Amino acid sequence: MPDAGAPPPGEFRFPGQVVDVRPRKARATGGAAGSRRRPRPAVLLLSRACDEELGDVQALLATAGIPVVRVNADELADARLVIDAAAGTVRTDSGWSAPTVSWTRHFSCQAIEGTGDPGDDLFLRESWHAAAAALAALGAADVAPPPGGLLAQLRIARLHRVRVPRTIVTTDLAGARDAFQCRRLVVKAVHRHFTEATPGCLTGRFPAVVERRELLGGSRAGPPVIVQEHVEHDAELRIYYLDGRIHGFEITKESPADPWLAPGRVGVRMVTPSSAVAAATRLLATAMSLRYGAFDFLVRGGTPIFLEVNPDGDWRWAERGAGTGVVTLGVAAMLADLHREAAPADRAPPFDLLTFLSGHRGRHQS
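Residues numbered from 1 in each chain as written. Predicted model: local features only at pLDDT ≥ 70, side-chain atom pairs only at ≥ 80, totals over all residues. Heavy atoms only, no water.

Trainee: Where do I start with the sheet that holds strand β13 (residues 225–229) in this structure?
Mentor: Sheets are built from strands that pair by backbone hydrogen bonding, the pairs being arranged parallel or antiparallel. Here four strands make up an open sheet; going across it, the order is β8-β13-β9-β12 and the pairing antiparallel. Two strands close off the open sheet at either side, each with one partner strand: β8 (167–170) and β12 (208–211). The average undirected angle you get between the axes of adjacent strands in this sheet is 30°. Of the strand pairs in this sheet, β8 and β13 are connected by four bridges, and their pairing is antiparallel. The residue of β13 that forms the bridge with valine 169 is isoleucine 226. Running at roughly 155° to β8, helix α3 (residues 150–159) makes contact with β8, β9 (184–189) and β13 of the sheet. (Pairing = 2+ DSSP bridges. Helix = DSSP H or I, 4+ residues; strand = E, 2+ residues; numbered from the N terminus. Axes fitted to C-alpha atoms, helices over the stretch in contact; angles between N-to-C directions. Contact = heavy atoms within 4.5 Å.)

The following block contains the structure:
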C-alpha cells in the first residue's frame, strides 16, 4: 500500500512543521473608542499578537513618549474601527489617532477567525485586507514595501550588477535537474514558506538542499517551486537594513531549514559588513524602495551574492544568538525618526537618548 503521507509523483516534499501562534488570552477592549477627542499623532503597527519583536519596539517608543496604535490580525473579532480618510485619522479601541508612520508586518487576514460560512468568511477577510491597506495609507510614511516576490528581487539585483545564483521556477523537477550543471540545488517555496489554513496554526515548508541527480520527475506536475544552484561560499550573512542604518550577522548552519527546525544548530555572531556587502545592501534597498529589510547574502572570495530580502524579516533570533539588542533599538529609532518628521511638534528623542532610555532592554533580549 502506498504511503498516504507521501507527495504525489514529481512533487517535492519540503521539511516542515506546524506552529500554533493563536493568542493565549482574550483581548481586552477599552471604552475610549466612542470618545471624540483631539486625535494624537501616533505610530501605527499592523501585525499579530505573537509579534514580540514589535512588542519590544512598542515598549521602547512608549518609554520615549511616542504613542503607538497596534492592530493585530488575530484580535479583530470585536474591533471597533472608524477610518476618516479625509481627516487622515482613525478610531480604534484606544481612541482617535492621526498615524504618522505605519508598518504592516506579519498581518495576515488568514489569522482572522471565521464564522464557518465560506462565502461570509471570504468576504470578512477580503474586507479586512482592504481596510488594513487603507489604514496603512493614512501615515505620511509607510515602512512596508511595495509588493514584489523573489523573482522580482533577483531581476533588480541583476540589473544593478549584484551577483545572484542561477534560479528557475518550475513544476517539473526532472526538467530542473537537466537545467543545471552543479552538483547540489536549493529548492524553496515561490511564495511564503508559512501557510495558514486554520487561523493561528502556521504550517511551515522550508528550503532544502538536494543532490541534483536525486530530483525525479513524475506523471503529474507539482506546485511551482524555486530551484537555485547551491553556491559554495566562505560566509553567510544576514544584514538588517533600517532606513539607511545597517547591522550585520554571520550565520552558520547545517541546513537551510535549521533556523526553524533545529535552532540549536544555528550559530550567530555580529559582524561589521564589508564595504562591498554594505554597498550592495544600500543599492538594493534603494532600488526596491525599502525602508526595512532582512537581506541574505553569501560571500565568496569577498564578493557578495544576493539570495533574497525579507521585508518582514525577524531579528530576535539573531540578537539572541549574538547577545545584542541593536536591531530592536535600530527599529525603534527608525520609527521615532519617521514619527518626528511627520509630527515635528511631537518631539521624539534622538537615537542616542532612545538607547539610554531603553536601559537593560537595549543591551539584552529576553
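Trainee: Any chance you could explain a nonpolar patch on the surface here in plain terms?
Mentor: On the surface, Leu151, Val169 and Val190 cluster together to form a nonpolar patch covering roughly 210 Å² of accessible area. As for its placement among the helices and strands, leucine 151 is situated in helix α3. A relative accessible area of 42% places leucine 151 in the partly exposed class. (Patch = residues over 30% accessible without salt bridge, like charges linked within 9 Å, V, L, I, M, F, W, Y side chains within 5 Å. Areas by Shrake-Rupley, 256 points an atom, 1.4 Å probe, with all protein chains shown as cover. Salt bridge = Lys/Arg side-chain N within 4 Å of Asp/Glu carboxyl O. Buried < 20%, exposed > 50% of the residue type's maximum accessible area, 1.4 Å probe, protein only.)

Trainee: Even after reading the chapter, I still don't get the environment of proline 256, so can you show me in this structure?
Mentor: Structurally, proline 256 can be placed in the loop between β15 (245–252) and α5 (258–261). Along the chain, proline 256 and proline 15 lie 241 residues apart, while their C-alpha atoms are 10.0 Å from each other. Setting aside residues no more than four positions away along its own chain, proline 256 makes contact with Pro207 and Val209.

Trainee: Before we go on, may I ask you to explain the packing of aromatic side chains in this structure?
Mentor: Remark: the centre distance and the inter-plane angle together describe each pair of aromatic rings, the angle taken between the planes. Inspection of every chain in the model, using the stated rule, returns nine aromatic pairs. Relative to tryptophan 315, the ring of tryptophan 103 has its centre 6.4 Å away and its plane inclined at 15°; by these criteria the two rings are stacked. Within this pair, whereas tryptophan 103 is found in strand β6 (residues 95–104), its partner tryptophan 315 is found in the loop between β18 (303–310) and α7 (316–322), the two being separated by 212 residues in sequence. Assessed through its relative accessible area of 0%, tryptophan 103 is described here as buried. Centre to centre, the rings of tyrosine 292 and tryptophan 315 are 6.0 Å apart; their planes meet at 65°, and the pair counts as edge-to-face. With tyrosine 292 in strand β17 (residues 292–300) and tryptophan 315 in the loop between β18 and α7, this pair connects stretches of sequence that are 23 residues apart. When its relative accessible area of 0% is taken as the criterion, tyrosine 292 is described as buried. Taking the ring centre of tryptophan 103 as reference, the NZ or CZ of arginine 105 above it sits at 5.7 Å. Above the ring of phenylalanine 180, the side-chain terminus of arginine 166 is found at 5.0 Å from the ring centroid. (Phe/Tyr/Trp six-rings, centres within 6.5 Å; stacked < 30°, edge-to-face > 60°. Lys NZ or Arg CZ within 6 Å of the ring centre and 35° of its normal.)

Interpretation in functional terms is not warranted from these geometric data alone.
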